[in-house]
Amino acid sequence: MRKRIALIGVCIIGALCLTANIYPQTSKPSSSGAGDSQTITRNTFIQIAQKVSPSVVNVFNFIEYGAFKTRVKASLGTGFIIDCKKGIVLTNHHVVEGAKELMVALQDKRVLKTKLLGSDPMYDVAVLEIQNPPADLKQANVGNSAKLAQGELVVAIGQPRGYEYTVTTGIICGFGREIRIGKTQWSTVEYTPSYLQIDAIIDAGNSGGPLFNLNGEVVGINTVGFYKYGGSIPINTAMQVKEEIVKNGRVIRAYLGLRGSDFNDELAWRFNSTIEDLTRELGLKTAKGIFIQGCEEGSPAELVGLAESDVLIELSDKKVDNLNDYRAIIKTLKPETEVKIKYIRKGKEEVATVKLAEMKTGKKPNDKQPSEGGDEDE
C-alpha cells in the first residue's frame, strides 16, 4: 500500500510539472537584445506607455484658411525628444516638408516653437530644435536597433487620425524591407533605405513617432503603414542621419549615378533568358557584379561612359560582387573624390577613373528643392 501511495504521489508531481511547462503563467521574450530578461505581465505595456509618453510630441504647423486667411492648426504627425537640454526632436522628413511654422505639443498640452535643423528625404528623417526648451522636458532613451530580433515585441506611440498618444503593440516581422514612402523613387542604386517591418498598427499621424522595445528604448521611427503592416526606420540609421544634419545641415553622400541590378531571376526574365546564358553572352566567368541598366543624366557614371549591359566588378580597388558590396563601398567615399572603376564590356575588362559627385538629397531648411517625399497614407 505504501508503495502504491508513493507511486501515485510521484505521478501527481510529474503531472503538475508537465502542466507548468505547457501552461506557464508568464513568458519572456526570446530576443537576445533589449528586454530579453524581462518577465511580461499585464502591466508591462502599461508601465512602458507611462514611462515613455512624456518624450513623445505632436508635430504640427499653422496654415491660412478661408477668405480671411484665418490661421488654423494643421496636425502633421508625431515626433520624440532625444535631447532635452538642447531640445532636439526626431520625426519624419515627409511630416515637416513644406511647413512654414513648426510647433510641437507635449503630453501636458504645452505648445513649443521649434525650428527645422535639416531633413533627409532619402531616409525620411528630420531633425527639429525646440526654441528655449523648458528645464522639465523628458527625453527618450535611445536603444540599439542592431540587437533587435525577429519576433521581438515592440510598442508604437503616435497620433493616428488625430487620436493623441495612441499606443499600439506588435512584433518585429522582418528586417531590410524596401518600402515606398513617396511618389518619387530614387532610381540610382547607391542608397536604398531599408526598414523594420512591424505589425503594430501604423496609421496617418503615426509618422515620425517612436517604436520602443520592452525596456522603453527607442529602436525605430515609424514612417509608413502599408496593408496590415508598418515600416519603421532603424534608430541606428536615424541617429547617423541626425549626426550629419546637426554637423552639416544635410547628409553628404557620394554619388556615381548608376541604375542596375544583381544577377538574379528577375534580370534573366527581363531578357527572356537564364542566368547562365546571360553570363555567357556578356563574356563573364561568373554571375557576379552589377549589371548596368543605365545612368542618370549628367551623372559621373554617364560622363565616364558607362552604358547598358556593362558589368561593374570593382570600385575604388574593392571587388563588387553585388549591390550590397557596392553600397557598402560607396558609403565610405566622399564627393569630389577620384576613384578607379573596373567593368566588363562585351567580355573585355575596362578600367576608368571617375570623379564622384554629391547626391542632392540631404536638404537644409532653406533649400529650394522640388518635393521628394509625402506619405501616401497621409
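Just so it is clear, the structure is predicted and the values come from calculations on it, not from any experiment.

## Overview of the nonpolar core
A general tendency of soluble globular proteins is for nonpolar side chains to be buried together.
Right, so step 1: Leu-258, Leu-315 and Tyr-326 are the most contacted members of the largest nonpolar core, which has 54 residues in total.
Right, so step 2: Top element by residues in this core is helix α4 (residues 235-248). It accounts for five residues.
Right, so step 3: Beyond its immediate stretch of four places on either side in the chain, Leu-315 contacts Val-320, Tyr-326, Ile-329, Ile-330, Leu-333, Val-339, Lys-340 and Ile-341.
Right, so step 4: Val-57, Ile-81, Leu-106 and Leu-112 belong to the second-largest nonpolar core, a separate cluster that totals 14 residues.

## Some points on the pairing of strand β5 (residues 111-120)
Right, so step 1: The pairing of strand β4 (residues 102-105) with β5 spans three bridges and is antiparallel. Across the sheet, Met-103 pairs through a bridge with Lys-113, a residue of β5.
Right, so step 2: Here β4 folds back onto β5 in antiparallel fashion, the turn holding five residues, of which Lys-109 has a positive phi close to 80°.
Right, so step 3: Where β5 and strand β6 (residues 125-130) come together, six bridges link them in antiparallel fashion. The residue bridging Thr-114 from the neighbouring strand is Ile-130, located in β6.

## Notes on α4
Right, so step 1: For α4, spanning 14 residues, the distance from its first C-alpha to its last is 20 Å, which sits close to the expected 20 Å at 1.5 Å a residue.
Right, so step 2: All buried positions along α4 are accounted for by Ile-235, Ala-238, Met-239, Val-241, Lys-242 and Ile-245. Across the axial projection of α4, the buried residues extend over an arc of 160°, all falling on one side. Along α4, the residues that are exposed and aim more than 90 degrees away from the buried face are Gln-240 and Lys-247.

## With respect to the side chain of Gln-159
Right, so step 1: Residue placement: Gln-159 occurs in the loop between β8 (153-158) and β9 (166-177).
Right, so step 2: Setting aside its immediate chain neighbours within four residues, Gln-159 contacts Val-56, Val-57, Asn-58, Gly-77, Thr-78, Glu-164, Tyr-165, Ala-204, Gly-205 and Asn-206.

## Here we look at unusual backbone geometry
Right, so step 1: The backbone phi angle of Lys-109 is positive, close to 80°, even though this residue is not glycine.
Right, so step 2: Unlike most non-glycine residues, Glu-336 shows phi in positive territory, near 70°.
Right, so step 3: If you trace the backbone, Glu-336 turns up in the loop between α8 (323-330) and β19 (338-345).
Right, so step 4: Residue Glu-336 is classed as exposed on the basis of its relative accessible area of 52%.

## What about the confidence of the model for the protein?
Right, so step 1: Looking at the protein, pLDDT values average 83 and 81% of them are 70 or higher.
Right, so step 2: Residue range residues 182-186 is modelled with pLDDT below 50. Its contacts to residues more than four positions away, or to other chains, number eleven contacts.
Right, so step 3: Overall, residues 368-378 carries pLDDT values under 50, and its contacts beyond four positions in sequence, including any with other chains, amount to 38 contacts.

Calculation notes
Residues numbered from 1 in each chain as written. Predicted model: local features only at pLDDT ≥ 70, side-chain atom pairs only at ≥ 80, totals over all residues. Heavy atoms only, no water. Core = buried A, V, L, I, M, F, W, Y, C linked by side-chain atoms within 4.5 Å. Buried < 20%, exposed > 50% of the residue type's maximum accessible area, 1.4 Å probe, protein only. Helix = DSSP H or I, 4+ residues; strand = E, 2+ residues; numbered from the N terminus. Contact = heavy atoms within 4.5 Å. Pairing = 2+ DSSP bridges. Expected span 1.5 Å × (residues − 1). Arc of directions from axis to C-beta. pLDDT = per-residue confidence, 0-100.

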